[in-house]
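# Close look at the chain arrangement
Below, each chain spelled out in residue letters.
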Amino acid sequence: MEMEDYQKVLMLTSHLFEYPDAAWWQELPDCRRAFREIEAQQPVSVFEDFLAFVEENGAKEYEDLYVRSFDFSQNTNLYLTTQERTDFGKQSEEMHHYKELFLRNGLDVEKQLPDYLPALLELAASLPAEKAAQVLTQIKPRVELLRTRFIDAKLPHAFLLDLVLTETAGLEANHA
């Protein structure tokens with residue numbers, strides 16, 4: 001089955017947000033081939049620029065940036081319920097909501113927490129456009145907040161979130 005552009009963009013974005021281990025680096029040529037199959041020019045340009053940045057920095061420097069940005073920063077980590085750490089009851093409720101989102105769509109997250117952005121992007125990419133729009137619309141406020149924080153931290157990953165928000169807007173317009 002041929003993937004639609006939104007699915008390709010979301011899958012690639014999800015992958016690029018994963019930890020840059022040896023397998024991740026080995027898969028970069030596959031990513032490059034995959035994003036060249038996307039018809040829309042904006043995602044192709046963003047992916048090219050992002051991969052150029054990653055490759056220019058090299059494995060050690062990019063891994064250091066990744067760890068500082070996503071593992072050791074409460075402001076810019078990829079777990080959406082940790083963005084506002086003031087109310088743990090609310091955080092728990094949101095976590096349950098994300099878990100239900102996976103289960104309602106016939107999937108379960110086994111290796112990650114259900115509020116992990118790459119997992120949510122994979123979920124949306126696995127769904128028909130109308131259901132993907134629903135998932136993305138639900139996480140949109142958190143993605144927007146994360147994008148603002150990425151910009152403040154001068155992280156190039158903000159451009160990847162621009163792609164997510166662009167795909168969200170397109171899917172919302174077509175399936176409202």
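Residues numbered from 1 in each chain as written. Predicted model: local features only at pLDDT ≥ 70, side-chain atom pairs only at ≥ 80, totals over all residues. Heavy atoms only, no water.

## Description of the overall build of the chain
Assigned secondary structure in the chain consists of 8 helices and 0 strands. For the chain, the α and β elements follow one another from N to C terminus as α-α-α-α-α-α-α-α. What you see for the chain is a C-alpha radius of gyration of 16 Å, in line with the 16 Å of a compact globule of 176 residues. The principal-axis extent of the C-alpha atoms belonging to the chain is close to 40 × 40 × 30 Å. Within the chain, buried positions represent 47% of all 176 residues. Here the chain has roughly 9200 Å² of accessible surface; of this, 51% comes from carbon and sulfur atoms. Separation of charge centres in the chain, based on 17 positive and 32 negative side chains, amounts to 3 Å. (Helix = DSSP H or I, 4+ residues; strand = E, 2+ residues; numbered from the N terminus. Rg over C-alpha atoms; globule rule 2.2 N^0.38 Å. Buried < 20%, exposed > 50% of the residue type's maximum accessible area, 1.4 Å probe, protein only. Areas by Shrake-Rupley, 256 points an atom, 1.4 Å probe, with all protein chains shown as cover. Lys, Arg positive; Asp, Glu negative; His and termini not counted. Charge placed at Lys NZ, Arg CZ, Asp CG, Glu CD.)

## Concerning helix H6 (residues 117-125)
In terms of burial, H6 is a largely internal element, 8 of the 9 residues being buried. Of all the residues in H6, the buried ones are Leu117, Pro118, Ala119, Leu120, Leu121, Leu123, Ala124 and Ala125.

## As for the nonpolar core
Within the largest apolar cluster, 52 residues are counted, with the highest numbers of intra-cluster contacts made by Phe17, Phe47, Leu78, Leu117 and Phe150. Breaking this core down by element, the ones donating at least two residues are helix H1 (5-16), helix H3 (28-35), helix H4 (41-71), helix H5 (88-104), H6, helix H7 (129-152) and helix H8 (158-174). Tallying contributions element by element places H4 first for this core, with 10 residues. Non-local contacts of Leu78, meaning those with residues more than four positions away in its chain, are made with Phe17, Tyr66, Phe70, Asp115, Tyr116, Leu117, Pro118, Leu146 and Phe150. (Core = buried A, V, L, I, M, F, W, Y, C linked by side-chain atoms within 4.5 Å. Contact = heavy atoms within 4.5 Å.)

## Quick notes on the pattern of salt bridges
Taken as a whole and judged by the stated rule, the model has 5 salt bridges. Between Arg32 and Glu55 there is a salt bridge; the shortest N-O distance is 2.7 Å. Of this pair, Arg32 sits in helix H3 while Glu55 sits in helix H4, and the two are 23 residues apart along the sequence. With its nearest N and O atoms 3.1 Å apart, the salt bridge here joins Asp64 to Lys60. (Salt bridge = Lys/Arg side-chain N within 4 Å of Asp/Glu carboxyl O.)

## Points about unusual backbone geometry
Phi is positive for Lys154, which is not a glycine, with a value near 60°. Counting through the fold element by element, Lys154 comes out in the loop between H7 and H8.

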